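# Residue-level structural notes
Residues per chain are reported as follows:
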Amino acid sequence: QVQLVESGGGLVQPGGSLRVSCAASGRIFSINRMGWYRQAPGKQRELVAVITSGGRTRYADSVKGRFTISRDNAKNTVYLQMNSLKPEDTAVYYCNWVFGPLNEYDYWGQGTQVTVSS
């Protein structure tokens, strides 16, 4: 059984920084990509950042230059460093792992709340 556990969310003032983590446990193999998504109230879930097994990254235009996705393969953990946070970054952040030889395994974390407010 694979589990993804997110941590690190919270309340931060505009302009501040926060790092969220997603630790995976269980049998994980042939990782294709790991990503972060977010969902604000009344809005659809959207892609924030993705990192592939080869280390390539992709970001939503709204977070480019402010957010950085990274991973620690030894710890089976993916991170999202968020700097220069804005109120519009407020959302529940979810991590997503896609793996398997045919990318047949697609797991989501439970979500962590990030609130940017003064």
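Residues numbered from 1 in each chain as written. Predicted model: local features only at pLDDT ≥ 70, side-chain atom pairs only at ≥ 80, totals over all residues. Heavy atoms only, no water.

A few words on the pairing of strand β7 (residues 67-72). Here β7 runs beside strand β8 (residues 77-82); their pairing, made up of 6 bridges, is antiparallel. Paired with Arg-71 across the strands is Val-78, a residue of β8. Adjacent in sequence and paired antiparallel, β7 and β8 are bridged by 4 residues, among which Asn-76 carries a positive phi angle near 50°. (Pairing = 2+ DSSP bridges. Helix = DSSP H or I, 4+ residues; strand = E, 2+ residues; numbered from the N terminus.)

Within the largest apolar cluster, 30 residues are counted, with the highest numbers of intra-cluster contacts made by Trp-36, Leu-80, Met-82, Tyr-93 and Trp-97. Looking at this core, the elements with two or more residues in it are β3 (18-25), β4 (31-39), β5 (46-52), β7, β8, β9 (91-99) and β11 (112-116). A total of 5 residues in this core trace back to one element, the largest contributor, which is β9. (Core = buried A, V, L, I, M, F, W, Y, C linked by side-chain atoms within 4.5 Å. Buried < 20%, exposed > 50% of the residue type's maximum accessible area, 1.4 Å probe, protein only.)

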